[in-house]
Amino acid sequence: MFGLLKKHLSGSVKKVAEKVLEKEITEDDINGFFAELEIELLQDNVAVEVIDFLKEQMKEDLVGKKLKRTSANEEIKRIFRETLMNILDKEPVDIEGTIKEKRERSEVTCIIFLGFNGSGKTTTIAKIANMLKKDGFSPVLAAADTFRAASIEQLEHHANKLGVDIIKHQYGADPAAVVFDAVKFAKSKHKDVVLVDTAGRMHTDKNLMDELSKIVRVNNPDLKILVIDSLTGNDVVIQAENYDKAVGGIDGMILTKTEINEKGGSLLSAAYSTGKPILFLGTGQEYEDIERFNAEKLVNELLESS
Ligand code: GDP
């Protein structure tokens, strides 16, 4: 996972540290350090804004200072670590806690999942349903992607395999009504959480964004989670921002296909542009292939060999 990003970030710490001479560091020195580093990070799908943020942090911490050669590596690594933690280490929403709390009040938690087609949304919903079921919760799936051919059958396939209920309407039906019915069903059957699959056309598609806004307006979900394919390139920033805007602010993100992603910069880009927590990483195609996101663990790994 993220082999190239690890190599480039760790390599950068070393390279920058080697360039630090025992004299006062200037802004120009830092721009110089970054010239080579910038290209590598861009190739790893790290957004320009993230690189600029790293550069600014470094300027704030280093301009006008002298570093001893013996401690340069440690100091540069510290700045990298703090900057990455600043971007990635956000308070996650407590999904299980939210469900429990609402359950005590005999209420149903509604979680909607958003994201571009093919991002892994349906698979991720199935993984979360599996996880919640194992934790003693009773999920109901809502097939609110009434647009894409086969999407309802795909969700139904997972529901059958997992042994959980699914609420669906015909293709072309109003997705907001599907969610409404699913919540009503869950209440009447004493289920505690509804997981909503939504349509995922282009995030630039105004109809889709209006449709998502309507689902949220009508159903007032407890949590809105954006599923992003971690292999997405530069587009990740605009994708995350558009979905975030359409639903009045997402609560968190899940990045999928991380086990086949050598670059990993999309994680930093998405987290930086939305300021929202990454909740889980998708690590394969099986139901068990989902990991709770741990910023400290990832940052340690990214800088491991520096
Ligand atoms: P949706 O269109 O967003 O609902 O996407 P799907 O759930 O249909 O997933 C699209 C493809 O990505 C499928 O082939 C999934 O098996 C695959 N996929 C989803 N999550 C992961 C993951 O974490 N790792 C890998 N390798 N594949 C994944």
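Every value quoted in this text rests on a predicted model; they were computed, and no experiment measured them. (Residues numbered from 1 in each chain as written. Predicted model: local features only at pLDDT ≥ 70, side-chain atom pairs only at ≥ 80, totals over all residues. Heavy atoms only, no water.)

A.B. asks: Give me the lowdown on the domain arrangement of the protein, citing residues and values where you can.
C.D. replies: Reports often express the size of an interface as the amount of accessible area lost when the parts come together. The domains assigned to the protein are domain 1 (3-88) and domain 2 (95-294). Computed from C-alpha coordinates alone, the two centres of domain 1 and domain 2 are separated by 36 Å. Contact with domain 1, which involves 14 residues of that partner, is made by 17 residues of domain 2. Considering only the surface of domain 1 that becomes buried against domain 2, Asn45, Ile87 and Leu88 emerge as the three largest contributors, covering 40% of it. Across the domain 1-domain 2 interface, the total number found is 0 salt bridges. Where domain 1 packs against domain 2, one counts 7 residue pairs in polar contact (both at pLDDT 80 or more). For the side of domain 1 that touches domain 2, the elements supplying multiple residues, two or more each, are helix H1 (3-19), helix H3 (48-62) and helix H4 (69-88). Here the side of domain 1 that touches domain 2 is built from residues that sort into 9 nonpolar, 3 polar and 2 charged. (Domains from an automatic or database assignment. Contact = heavy atoms within 4.5 Å. Buried area = accessible area lost by both parts, 1.4 Å probe. Salt bridge = Lys/Arg side-chain N within 4 Å of Asp/Glu carboxyl O. Polar contact = N/O pair within 3.5 Å; in protein donor to acceptor, adjacent residues only side chain to side chain. Helix = DSSP H or I, 4+ residues; strand = E, 2+ residues; numbered from the N terminus. Nonpolar A, V, L, I, M, F, W, Y, C, P; charged D, E, K, R; others polar.)

A.B. asks: Outline helix H5 (residues 95-104), listing residues and values.
C.D. replies: Looking only at H5, the buried set comprises Ile95, Glu96, Ile99 and Lys102. Burial along H5 is one-sided: seen end-on, the buried residues are contained in an arc of 135°. Its buried side turned inward, H5 meets strand S1 (109-114), helix H6 (121-134), strand S4 (193-198), strand S5 (223-229), strand S7 (278-282) and strand S8 (290-292). Capping of H5 at its N-terminal end is provided by Asp94; its side-chain oxygen lies 3.5 Å from the backbone amide nitrogen of Glu96. Trailing H5 by a residue or two, Ser106 shows a phi angle of about 60°, which is positive. (Buried < 20%, exposed > 50% of the residue type's maximum accessible area, 1.4 Å probe, protein only. Arc of directions from axis to C-beta.)

A.B. asks: Now, about the environment of Glu262: what can you tell me, with residues and values included?
C.D. replies: Structurally, the position occupied by Glu262 is in the loop between strand S6 (252-256) and helix H11 (265-274). The exposure class assigned to Glu262 is partly exposed, which follows from its relative accessible area of 40%. Each C-alpha atom of the pair Glu262 and Lys19 lies 27 Å from the other, and the pair is 243 residues apart in sequence. Not counting chain neighbours up to four residues away, the residues in contact with Glu262 comprise Met1, Phe2, Gly3, Leu4 and Leu5. Separated by 3.2 Å, the side chain of Glu262 and the backbone nitrogen of Gly3 make a polar contact.

A.B. asks: Report on the layout of surface pockets, specifying residues and quantitative values.
C.D. replies: As a volume, the largest pocket reaches approximately 290 Å³. Residue lining of the largest pocket: 16 residues in total, with Thr123, Lys127, Gly284, Gln285 and Glu286 positioned closest to the centre. Those elements that place two or more of their residues in the lining of the largest pocket are H6 and helix H7 (151-162). Residues that form the lining of the largest pocket fall into these classes: 2 nonpolar, 9 polar and 5 charged. (1 Å grid on protein atoms, 1.4 Å probe; cavity = no way out; pocket = protein on both sides within 12 Å on 5 of 7 lines; lining within 4 Å. Points joined across faces, edges and corners; volume = space filled by probe spheres on them.)

A.B. asks: Residues and numbers for the pairing of S1, please.
C.D. replies: Burial within S1 is extensive, with 6 of its 6 residues counted as buried. Burial of the side chains of S1 extends over both faces: Thr109, Ile111 and Phe113 are buried on one face and Cys110, Ile112 and Leu114 on the other. Sheet topology note: the S1/S4 ladder contains 5 bridges and is parallel. Paired with Thr109 across the strands is Val193, a residue of S4. Bridging between S1 and S5 involves 4 bridges; their strand directions are parallel. Bridging from a neighbouring strand, Phe113 pairs with Ile225 of S5. (Pairing = 2+ DSSP bridges.)

A.B. asks: With reference to specific residues and values, describe the pairing of S5.
C.D. replies: Most of S5 is tucked away: 7 of the 7 residues are buried. Here S5 shows no split at all, with Leu223, Ile225, Val227 and Asp229 on one side and Lys224, Leu226 and Ile228 on the other all buried. Relative to S6, S5 is paired through 5 bridges, and the arrangement is parallel. Bridge assignment links Ile225 to a residue of S6, and that residue is Gly252. As a crossover connection, the stretch from S5 through helix H10 (residues 236-246) into S6 is right-handed. (Right-handed = clockwise from strand over helix to strand, strands pointing away.)

A.B. asks: Go over a negative patch on the surface, please, and point to the residues and values.
C.D. replies: On the surface, a cluster of negative charge is made up of Glu49, Asp52, Glu56, Glu60 and Glu241. Looking at which element gives the most residues to the negative patch, the answer is H3, with 4 residues. Summarising the element assignment, Asp52 is placed in helix H3. When its relative accessible area of 35% is taken as the criterion, Asp52 is described as partly exposed. (Patch = residues over 30% accessible without salt bridge, like charges linked within 9 Å, V, L, I, M, F, W, Y side chains within 5 Å. Areas by Shrake-Rupley, 256 points an atom, 1.4 Å probe, with all protein chains shown as cover. Lys, Arg positive; Asp, Glu negative; His and termini not counted. Charge placed at Lys NZ, Arg CZ, Asp CG, Glu CD.)

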